[in-house]
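# Survey of secondary and tertiary structure
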Amino acid sequence: MTQENKALFIIFGATGDLAHRKLYPALYRLYKKGFLSEQFAVIGTARREWSDDYYQDVVMDAIEDSVESEEHGRSFASHFRYQSHNVKDTEHYVTLKKLADTLDSEYDLDGNRVFYLSMSPSFFGTITDHLKQEKLISDNGFNRVIIEKPFGSDYESSKALNDDILESFDENQLYRIDHYLGKEMIQSILTLRFANRLFENSWNKDAIDHMQITLSEQLGVEERGEYYDKSGALKDMVQNHVMQVLSLLTMDAPKSYTTNEVRNKKVDVLKALKTPVVTDFVRGQYSESEDGSVTAYRLEDKVNPHSTTDTFVAGKIVIDNDTWDKMPVYIRTGKRMTKKSTRIDIVFKQSENNIFNDTPTHLTIHVDPFEGFELTLNDKKIGPGMDLTPMTLGSLRSEETIENSPEAYEKLILDVLRGDETHFAHWGEVSESWKFIDQIKRLWEDTNHPIAFYPALSMGPKEAFELLEKDGRQWVWNP
Ligand code: NAD
């Protein structure tokens, strides 16, 4: 039985790329599956002058791939209205309030409102401030704000941004999106760890040697050169996605599956990270590919030709608490790498007495593009003697299953409607993560840490391999 949810969505940045590619298709799938009843409405707002009819056509275009029928799509799109204006303009919010109140009674929405800030973070404070001042926050229903990344560019700016938003909304009304937290396999980390005694008992310093997290992209910066050149991989990927994944992998067991328990345990482990040292972090940037088919980062559109921005980061993050006793988590993420993949490799220790001279076994959590688990163990080689051979127990989801499972934005928007904040980034996690990232950034700046260049379409600079080799280890995945 699906539970229908009624609400008015007000999307700021309704003409943008994210709204078109992710939000409209996600809302449509919720409608198709019955999670959104006929009692919902959307107000799209942005600078461009669009009519309602034009906006509804844009929505139809965005859902083209998944639409059941023209008629069904039209019936969905008829819930959308458009209002053009500049978000800095007070008048905008007065008109917006009138439209919101009208739609509220037209669709019988009980005052439930979701404000989706799909715009540059520099506008977040201005928008939330106006929403409060111009009384767009309803008195009767729920009022929830969805915030896109990036949440600040360092600890100071994220704190200022947070303080600004908290003038108008409470923390429990804020849903900071980290779409990795909506991914099936990232959510599966908790069930794997805490619904299987086998892993529960061996998820600690006694059994695990180290972990590896890889988030590799094959694409370059595309049209986002201007934004990316000011950000880089450390801020764009490590601060949010990598740190979230790391905290789910290494947090202590929550007493129960509740938002606060999970969040508190994640914050605890982020607080237990050892102060980073500069030699443990590689700052890479792609140069031209070896076959000359892919250009260097510095020659990309809207990128400074002398840029020192990191398009790749590899690092060793050490967890310094009783559970882990300085266990390293090696991370790497970058653009223009050999293949696109998100995967986690958990490398176990050799068996205690090591009577067969075993190769350390490992568990791979495939997040994207494959989804599933593979556990590589030592088996006995068939024949005389007691030699070993690797054996893999695997459970990879079929393409059809992946195709039919809900996409991250769809699940996260449904969570917002249901008031479930578990899969969103809490201020505690965001702030601890920024503090850690700021230290790395400062080390790089203070020591003039050199850029390690890597050819586009490779797995990163040689320094990323040496990082593990000096500890007597190697990357499990080497395409
Ligand atoms: P975009 O540049 O395509 O769209 C920005 C939107 O903001 C447009 O609708 C534009 O009209 C509107 N806008 C800008 N200034 C305005 C003003 N003064 N008044 C009213 N409207 C104004 O951006 P996007 O790619 O859709 O991204 C939106 C947000 O989502 C950003 O914070 C971005 O970092 C984040 N994000 C985007 C993606 C993505 O895949 N596009 C992924 C993750 C996060």
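Preceding this paragraph is the structure being described.
The sections below set out a description of the structure shown in this document.

### Some points on the sheet that holds strand β1 (residues 5–12)
Read from one edge to the other, the open sheet built from six strands follows the order β3-β2-β1-β4-β5-β6, with strand pairing classed as parallel. Each of the sheet's edge strands pairs with one partner strand only, and the pair in question is β3 (80–84) and β6 (174–176). Here the strands of the sheet are splayed against their neighbours by 20° on average, with no regard to which way each runs. Both strand β2 (residues 36–46) and β3 contribute to a ladder of five bridges, which runs parallel. Paired with T45 across the two strands is Q83, which belongs to β3. Across the sheet, helix α5 (residues 124–133) is in contact with β1, β4 (113–117) and β5 (143–147); its angle to β4 comes to roughly 155°.

### What to know about a nonpolar patch on the surface
A surface patch of nonpolar side chains, amounting to about 340 Å² of accessible area, comprises I355, F356 and M386. Residue class for F356 comes out partly exposed when judged on its relative accessible area of 40%.

### Examining the side chain of D345
Within the secondary structure layout, D345 lies in strand β11 (residues 341–348). In terms of polar contacts, D345 uses its side chain to reach the side chain of R343, at 2.7 Å. Not counting residues up to four positions away in its chain, the partners in contact with D345 are H210, M211, Q212, H362, L363, T364, V476 and W477.

### Looking at the side chain of S458
Mapped onto the fold, S458 is located in the loop between β15 (452–455) and α15 (462–469). With near-sequence residues (within four places) excluded, S458 lies in contact with R336, M337 and T338.

### Points about the site of the ligand
Near the ligand you find 19 residues, and of these T15, D17, R21, M119 and K149 are the closest. With respect to the ligand, the backbone of G13 contributes an N or O atom lying 3.4 Å from an oxygen atom. Within the backbone of L18, a nitrogen or oxygen atom sits 2.9 Å from an oxygen atom of the ligand. Burial of the ligand by the surrounding chains reaches 76%, relative to a free accessible area of 830 Å². Tallied by class, the residues present in the shell around the ligand amount to eight nonpolar, six polar and five charged.

### Observations regarding the packing of helix α10 (residues 233–250) against helix α14 (residues 427–446)
In the contact formed by α10 and α14, the axes pass within 10 Å of each other and the chain directions differ by 135°. By the angle class used here, α10 and α14 are oblique. Relative to α14, α10 is oriented so that their crossing is right-handed. Across the interface between the two elements, L234, K235, V238, Q239, M243 and Q244 from α10 touch E429, V430, S433, W434, F436, I437, I440, K441 and W444 from α14.

### Section: the sheet that holds strand β9 (residues 312–319)
Pairing is mixed across the open sheet formed by nine strands, whose spatial order is β14-β13-β12-β11-β7-β10-β9-β8-β15. Strand pairing shows two members of the sheet lacking a second neighbour, β14 (388–396) and β15, which therefore form its edges. Going from strand to strand, the sheet's axes swing by 20° on average, the running direction of each strand aside. In the sheet, strand β13 (residues 372–380) pairs with β14 via nine bridges, with the strands oriented antiparallel. Along β14, the bridge assignment pairs K380 with L388.

### Focus: the nonpolar core
Burial of nonpolar side chains together is a common tendency in soluble globular proteins. F12, W203 and L249 are the most contacted members of the largest nonpolar core, which totals 97 residues. Examining the composition of this core, we find that 10 residues originate from one element, α10, more than from any other. Not counting the four nearest positions on each side in its chain, W203 is found in contact with L192, R193, I208, M211, L249, T323, W324, I346 and L363. V58, V59, A62 and L414 belong to the second-largest nonpolar core, a separate cluster that totals 42 residues.

Parameters at a glance
Residues numbered from 1 in each chain as written. Predicted model: local features only at pLDDT ≥ 70, side-chain atom pairs only at ≥ 80, totals over all residues. Heavy atoms only, no water. Pairing = 2+ DSSP bridges. Helix = DSSP H or I, 4+ residues; strand = E, 2+ residues; numbered from the N terminus. Axes fitted to C-alpha atoms, helices over the stretch in contact; angles between N-to-C directions. Contact = heavy atoms within 4.5 Å. Patch = residues over 30% accessible without salt bridge, like charges linked within 9 Å, V, L, I, M, F, W, Y side chains within 5 Å. Areas by Shrake-Rupley, 256 points an atom, 1.4 Å probe, with all protein chains shown as cover. Salt bridge = Lys/Arg side-chain N within 4 Å of Asp/Glu carboxyl O. Buried < 20%, exposed > 50% of the residue type's maximum accessible area, 1.4 Å probe, protein only. Polar contact = N/O pair within 3.5 Å; in protein donor to acceptor, adjacent residues only side chain to side chain. Near = heavy atom within 4 Å. Nonpolar A, V, L, I, M, F, W, Y, C, P; charged D, E, K, R; others polar. Parallel < 35°, antiparallel > 145°, perpendicular 65-115°, else oblique. Left-handed = near helix turned anticlockwise from the far one by under 90°. Core = buried A, V, L, I, M, F, W, Y, C linked by side-chain atoms within 4.5 Å.

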